[in-house]
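A look at the structure
Here are the chains, one letter per residue:
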Amino acid sequence: MQSKRADIRIIESEILSDNWYSLKKYTFEQQRRDGEWQRQSREVYDRGNGATILLYNRERKTVILTRQFRFPVFINGHESNLIEAAAGLLDNMDPESRIKAEAEEETGFKVARVQKIFEAYMSPGSVTEKLYFYVAEYQPQDRTGAGGGVKSEGEDIDVLEISLEDALRYVETGQIVDGKTIMLLYHVALKGIF
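Notes on the structure in this doc start here. (Residues numbered from 1 in each chain as written. Predicted model: local features only at pLDDT ≥ 70, side-chain atom pairs only at ≥ 80, totals over all residues. Heavy atoms only, no water.)

Now for the nonpolar core. Counting residues in each nonpolar core, the largest one holds 22 residues, and the members touching the most others are Leu54, Val63, Leu65 and Leu185. At the level of elements, strand 4 (50-57), strand 5 (62-68), strand 8 (115-121), strand 9 (130-137), strand 10 (158-163), helix 3 (164-173) and helix 4 (179-191) are the ones that each hand at least two residues to this core. The element best represented in this core is helix 3, accounting for four residues. Apart from residues no more than four positions distant in its own chain, Leu185 is found in contact with Leu54, Val63, Leu164, Ala167, Leu168, Val171 and Ile176. Membership of the second largest hydrophobic core comes to 15 residues, among which are Ile99, Val111, Tyr132 and Tyr134. (Core = buried A, V, L, I, M, F, W, Y, C linked by side-chain atoms within 4.5 Å. Buried < 20%, exposed > 50% of the residue type's maximum accessible area, 1.4 Å probe, protein only. Helix = DSSP H or I, 4+ residues; strand = E, 2+ residues; numbered from the N terminus. Contact = heavy atoms within 4.5 Å.)

Next comes the structure, spelled out in structure tokens:
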């Protein structure tokens with residue numbers, strides 16, 4: 001793999017795991033500001049890019065969130081199921097199409113129009129994933145099913161409709177600890193969507 005940057009030289013890459021997604025160890029050289037080349041190595045997890053969405057109802061001042069078991073946070077000491085915005089990997093789809101499908105799979109709400117608000121790398125020190133962030137207004141009649149996710153993918157998701165006020169309080173009290181969800185909730189509150 002060749003770098004397009006003149007100050008980065010990739011020396012070697014080694015696959016450490018290719019079980020579910022790819023974990024590689026890279027050895028590279030980076031030219032420092034003083035001109036010296038410094039050799040470093042990093043493990044990088046590549047699971048592809050994803051998208052996330054916060055559904056909101058302006059009139060009722062509510063948001064739709066999900067609650068599900070997440071093994072990585074469980075083994076890090078978080079005993080409760082995680083409350084979060086609907087999200088998923090792109091799986092070779094464009095972000096807008098994927099997030100519309102994901103919203104319906106996880107929440108049961110079919111949204112026709114979504115608004116992209118930004119893109120962000122959530123853990124750039126070790127994970128390649130970039131998330132595309134969306135918001136969309138929902139109405140009760142947009143609910144086409146129960147949601148809950150896809151059983152064959154191991155999903156067993158509760159759908160929550162809560163006030164934005166309660167959701168922001170959940171962030172403050174530690175009931176919502178998911179980064180993407182906190183970013184979406186604060187975005188909606190900051191932009192005064194309600």
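Moving on, there is more to tell.
Another aspect to go through is the layout of surface pockets. By volume, the largest pocket amounts to about 1,400 Å³. Lining of the largest pocket is provided by 35 residues; of these, Trp20, Arg47, Arg70, Pro72 and Glu84 occupy positions nearest its centre. Going through the elements one at a time, helix 1 (71-74), strand 6 (82-84), strand 7 (86-89), helix 2 (95-107) and helix 4 are the ones with two or more residues in the lining of the largest pocket. The greatest single-element share of the lining of the largest pocket, amounting to four residues, is contributed by helix 2. (1 Å grid on protein atoms, 1.4 Å probe; cavity = no way out; pocket = protein on both sides within 12 Å on 5 of 7 lines; lining within 4 Å. Points joined across faces, edges and corners; volume = space filled by probe spheres on them.)

Moving on, we come to the packing of aromatic side chains. Counting across every chain of the model gives seven aromatic pairs. Measuring from centroid to centroid gives 4.8 Å for Trp20 and Tyr21, while their planes differ by 40°, and the two rings are tilted. The cationic tip of Arg9 hangs over the ring face of Trp37; the distance from NZ or CZ to the ring centre is 3.6 Å. (Phe/Tyr/Trp six-rings, centres within 6.5 Å; stacked < 30°, edge-to-face > 60°. Lys NZ or Arg CZ within 6 Å of the ring centre and 35° of its normal.)

Where helix 3 contacts helix 4, the axes come no closer than 10 Å and their chain directions differ by 130°. Here helix 4 runs oblique to helix 3, going by the angle between their axes. Our pair here, helix 3 against helix 4, has a crossing hand that is left-handed. Of helix 4, the residues touching helix 3 (which contributes Leu164, Ala167, Leu168 and Val171) are Ile182, Leu185, Tyr186, Val188 and Ala189. (Axes fitted to C-alpha atoms, helices over the stretch in contact; angles between N-to-C directions. Parallel < 35°, antiparallel > 145°, perpendicular 65-115°, else oblique. Left-handed = near helix turned anticlockwise from the far one by under 90°.)

Right, let's talk about the sheet that holds strand 2 (residues 22-31) for a bit. Strand order in the open sheet formed by three strands is 1-2-3, and the pairing between neighbours is antiparallel. Edge positions in the sheet fall to strand 1 (8-17) and strand 3 (37-46), since each of these pairs with one other strand and no more. Sheet twist, expressed as the mean angle between neighbouring strand axes with direction ignored, is 20°. Inspection of the sheet shows strand 2 paired to strand 3 by ten bridges, in the antiparallel sense. Residue pairing in the sheet places Gln30 in a bridge with Gln38 of strand 3. (Pairing = 2+ DSSP bridges.)

Let us now look at the pattern of salt bridges. For the structure shown, the criterion picks out 17 salt bridges. Here Glu29 ties to Arg39 by a salt bridge, and the two come within 3.2 Å at their closest N and O atoms. Of this pair, Glu29 sits in strand 2 while Arg39 sits in strand 3; the two residues are ten residues apart in sequence, bridging distant segments of the chain. Residue classification places Arg39 among the exposed residues on the basis of a relative accessible area of 53%. With a shortest N-O distance of 2.4 Å, Lys116 and Glu119 are connected by a salt bridge. Take Lys116: its relative accessible area is 41%, and that puts it in the partly exposed class. According to the relative accessible area criterion, Glu119 is partly exposed, its value standing at 38%. Connected through salt bridges with shared partners, the residues Arg70, Glu84, Asp178 and Lys180 form a single ionic network. (Salt bridge = Lys/Arg side-chain N within 4 Å of Asp/Glu carboxyl O.)

This next bit is on the side chain of Glu102. As for its placement among the helices and strands, Glu102 is situated in helix 2. According to the relative accessible area criterion, Glu102 is buried, its value standing at 5%. For Glu102, the contacting residues outside a window of four places in its chain are Ala87, Gly88, Thr107 and Glu155.

Worth remembering: the numbers are spatial, not functional.
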